[in-house]
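Descriptive analysis of the structure
Below, each chain spelled out in residue letters.
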Amino acid sequence: MAAASDRDSVLSLITNQQDGLSDLCRIVNRLGENFKQILQSISSCERLQILQITDSETGMTILHIAVGKSNAETVEMILECLSEEERYILLSAQASYRYHQVTPIHYACYNHNSRVLDQMIRLLKEETRYKLLQITIRGGVTPLYLSALRGHTQAISTIADS
C-alpha cells in the first residue's frame, strides 16, 4: 500500500506547481505501482489536476513524457486508473504551439512508439478511440497521416485495425 507521505507528496504538487512536471516524473519513477494506488485513492478532480500538470515550456503532460520515453508500463499504469472520460481528456491534451500541439497519440506516432500507441488505443472504447484519432494538430495532421508521413507502418496498421 502507498505510504501517506507519498500520497501527500503527489497531492502537494497540485498547490505548488513550480517545476511540477519534473517533480511528478521523479515521484512516479520512484513509486512505480504505488503511484497507481495513489491515483485510485483520490477523487477524479484531483487525479486530473495531477495528470494535467504541464511543462511550462513545452505544454507537455506526464503522459506526453512517458510516451516520449517509450515507457509503455507507465502509460498503461496511468490510463488504467482513469475513467473513459478522464482518458479522453488526458489523451487529447495538446502540447504548446511550438511543439506542433501534439497529443500523446500523435507523439507516439511521430516517435515510432508502436507498443505505446497500442497500449493507449487498446484501453479505449471504440467511440473514444475514434474521436481521439480524428484530432488534428498544427497543419491539420491526424495521427494516421503523421504515421504515414513518418513511414511508420506498424502505427498505420494499429490505427487502421482499431
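Presented here is an overview of the structure given in this document. (Residues numbered from 1 in each chain as written. Predicted model: local features only at pLDDT ≥ 70, side-chain atom pairs only at ≥ 80, totals over all residues. Heavy atoms only, no water.)

Some points on the side chain of Thr58
In this structure, Thr58 sits in the loop between α4 (44–51) and α5 (62–68). Within the structure, the side chain of Thr58 is placed 3.1 Å from the backbone nitrogen of Met60, a separation counted as a polar contact. (Helix = DSSP H or I, 4+ residues; strand = E, 2+ residues; numbered from the N terminus. Polar contact = N/O pair within 3.5 Å; in protein donor to acceptor, adjacent residues only side chain to side chain.)

Here we look at the environment of Ile50
Tracing the sequence through the fold places Ile50 in helix α4. We classify Ile50 as buried; its relative accessible area is 0%. Through-space distance from the C-alpha of Ile50 to that of Leu39 is 8.9 Å; in sequence the pair is 11 residues apart. (Buried < 20%, exposed > 50% of the residue type's maximum accessible area, 1.4 Å probe, protein only.)

Describing the packing of helix α6 (residues 72–80) against helix α9 (residues 114–122)
Where α6 meets α9, the closest approach of the two axes is 9 Å, and the angle between their N-to-C directions is 10 degrees. In terms of axis orientation, α6 runs roughly parallel to α9. Across the interface between the two elements, Ala72, Glu73, Val75, Glu76 and Leu79 from α6 touch Arg115, Val116, Gln119, Met120 and Arg122 from α9. Its residues assigned to classes, the contact of α6 with α9 comprises five nonpolar, one polar and four charged. (Axes fitted to C-alpha atoms, helices over the stretch in contact; angles between N-to-C directions. Parallel < 35°, antiparallel > 145°, perpendicular 65-115°, else oblique. Contact = heavy atoms within 4.5 Å. Nonpolar A, V, L, I, M, F, W, Y, C, P; charged D, E, K, R; others polar.)

What to know about unusual backbone geometry
Glycine aside, negative phi is the norm for most residues, and most peptide bonds take the trans geometry. Phi at His100 is positive, roughly 60 degrees, even though this residue is not glycine. Position of His100 relative to the elements: it lies in the loop between α7 (84–91) and α8 (104–110). Accessibility expressed as a relative area gives 40% for His100, which makes it partly exposed. A positive phi angle, close to 60 degrees, is found at His112, a residue other than glycine. Take His112: it is sitting in the loop between α8 and α9. The partly exposed category is assigned to His112, whose relative accessible area is 35%.

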